[in-house]
Amino acid sequence: MMVGRRYLIRQATGDLVELSRRDFDRADDRIAPIAGLAGRCVEMVSVVVVESPHLTPVVSDVAFTKVYFDDDGFIDVSKRDLMIRLMVESCADQRSQVAPPLDQKSLVVFAHKARGRLNREFRWRPDPAVVNEVLHRFDLPVSNGLGRRLLAMSRTLH
């Protein structure tokens, strides 16, 4: 079985264009910047495709997020670290060992604030047309759970 990642970024025009995995990884690893994205926050689609010999490839995950690039065109490390911290804090009410020692009510408030900031700064809520464009572009079956999630997403957006 082989798992592959594909990235699409939304241009200012609204068009989705492919961003090579290699270019993204090199910008994330601070090996080579992406000059055209320097200093920008871009809306990005990350698609995970699972392939097995003798089976049709399947889209197993689709994520819509915002990615920040620093002024040099590398992934902004401080923003990435903030996103990771907020992700951990957002589940503090479910896993109290990752949060500061607080009572349960305080943990709920702490996690709620982290989820709110995470959503404001890093979540992209595309409209149904974008979701459909992504699925049409890959033209592959989606895993069962993902299909239900994307259907629900397209019904609740905008």
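Residues numbered from 1 in each chain as written. Predicted model: local features only at pLDDT ≥ 70, side-chain atom pairs only at ≥ 80, totals over all residues. Heavy atoms only, no water.

A. Structural context of the side chain of Asp76. Within the secondary structure, Asp76 sits in the loop between strand E4 (58–68) and helix H2 (77–90). Although Asp76 lies buried, it forms no salt bridge, and the closest oppositely charged side chain, Lys79, sits 7.0 Å away as judged by the N-O distance. A polar contact of 2.7 Å, which involves the side chain of Asp76, links it to the side chain of Ser78. (Helix = DSSP H or I, 4+ residues; strand = E, 2+ residues; numbered from the N terminus. Buried < 20%, exposed > 50% of the residue type's maximum accessible area, 1.4 Å probe, protein only. Lys, Arg positive; Asp, Glu negative; His and termini not counted. Salt bridge = Lys/Arg side-chain N within 4 Å of Asp/Glu carboxyl O. Polar contact = N/O pair within 3.5 Å; in protein donor to acceptor, adjacent residues only side chain to side chain.)

B. Representation of the environment of Arg149 in the model. Of note, Arg149 is situated in helix H5 (residues 144–156). Look at Arg149 and you get partly exposed, because its relative accessible area is 38%. Spatially, the C-alpha atom of Arg149 lies 9.8 Å from that of Asp61, the residues being 88 residues apart in sequence. Here Arg149 is in contact with Asp61 and Val62, once residues within four sequence places are set aside. (Contact = heavy atoms within 4.5 Å.)

C. Structural view of helix H4 (residues 128–138). Restricting attention to buried positions, one finds in H4 the residues Val130, Val131, Val134 and Phe138. Along the axis of H4, the buried positions cluster into a sector of 105°, meaning they face one direction only. The outward face of H4, more than 90 degrees from its buried face, is lined by the exposed residues Ala129 and His136. At the exit of H4 stands Asp139, carrying a positive phi of roughly 45°. (Arc of directions from axis to C-beta.)

D. Fine view of the pattern of salt bridges. Tallied over the full model, the rule gives 10 salt bridges. The closest approach of N and O atoms between Arg5 and Asp25, which form a salt bridge, is 2.9 Å. Taken together, the residues Arg5 in strand E1 (residues 2–10) and Asp25 in helix H1 (residues 21–28) connect sequence positions 20 residues apart. With relative accessibility at 32%, the residue Arg5 sits in the partly exposed group.

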